[in-house]
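Spelled out, the chains give:
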Amino acid sequence: MASVDLNPTAVENYANPKTCFFHVIFKAASLAFYILSALFVSNFVIIFVVTVLLAALDFWVVKNVSGRILVGLRWWNEINDLGESVWKFESLDQESLARMNKKDSWLFWWTLYLTAALWIVLAIFSLIRLQADYLLVIGVCLTLSIANIIGFTKCRKDAKQKIQQFASQTIASQFSSTIQSAFSVV
């Protein structure tokens, strides 16, 4: 008879609250500064520099810190000897990826996509208001957001592919050793 756990499991907390905080704060800061600067700052250069600086800090934190800690992924792009752009991916091993905190992962992916969506909405508003100069700011911020989305999405697909290859190889070697031991007994 199967036992039934009558005690509900505790709600899973964030495993890395500080990393989650910094993952979100730079996104929120760049978006908030851009939106609020229209009310308080009349100098476009200041708006451009501060917003892009905050978006660049967000890009760096996501790419080099929170991506590694929250989802166990890392990506970068290199130029090889032939002058071609080559994407490089790193991920934790299969066991470590399986142990990643679900809330951390959820926060990482949702904020990554939501930030890009908000920049697109702001771009539409700038188009409606015929503010081409502000489209430049949004374009830079959106490009940084999309670069992280593309990098981490490719990295996640690469990690899944490696896990599948590992599983296939493990099953094949296990099957092979089982067959060999069966024939060695006979």
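Note that this is a predicted model, so its numbers are computed, not measured. (Residues numbered from 1 in each chain as written. Predicted model: local features only at pLDDT ≥ 70, side-chain atom pairs only at ≥ 80, totals over all residues. Heavy atoms only, no water.)

Visitor: Looking at this structure, I do not really get the overall build of the protein chain. What am I missing?
Guide: When you go through the protein chain residue by residue, the secondary structure sums to five helices and two strands. Order of helices (α) and strands (β) in the protein chain, N terminus to C terminus: α-α-β-β-α-α-α. In the protein chain, which comprises 186 residues, the proportion classed as buried is 30%. When contacts within the protein chain are restricted to residue pairs at least 6 apart in sequence, those whose partners lie at least 24 apart make up 71%. When the accessible surface of the protein chain is summed, it comes to about 12,300 Å², and 68% of that surface belongs to carbon and sulfur atoms. (Helix = DSSP H or I, 4+ residues; strand = E, 2+ residues; numbered from the N terminus. Buried < 20%, exposed > 50% of the residue type's maximum accessible area, 1.4 Å probe, protein only. Contact = heavy atoms within 4.5 Å. Areas by Shrake-Rupley, 256 points an atom, 1.4 Å probe, with all protein chains shown as cover.)

Visitor: How should I be thinking about the pairing of strand β2 (residues 85-91) in this particular structure?
Guide: Two faces belong to every sheet, and in a regular strand the side chains alternate between them. Pairing between strand β1 (residues 73-79) and β2: seven bridges, direction antiparallel. Residue pairing in the sheet places Trp75 in a bridge with Phe89 of β2. Connecting the antiparallel pair β1 and β2 is a turn made up of five residues, with Gly83 showing a positive phi of about 85°. (Pairing = 2+ DSSP bridges.)

Visitor: Even after reading the chapter, I still don't get the pattern of salt bridges, so can you show me in this structure?
Guide: Where charged atoms of side chains with opposite charge meet at close range, the side chains can pair. In the structure shown here, the tally under the stated rule is one salt bridge. Of the charged contacts in the structure, one is a salt bridge between Asp58 and Lys27, with a shortest N-O distance of 2.9 Å. Linking Asp58 in helix α2 (residues 44-71) with Lys27 in helix α1 (residues 17-40), this pair joins segments that are 31 residues apart in sequence. Comparing Asp58 with Lys27, the two get one shared label, buried. (Salt bridge = Lys/Arg side-chain N within 4 Å of Asp/Glu carboxyl O.)

No statement about biological role is implied by the geometric values presented.
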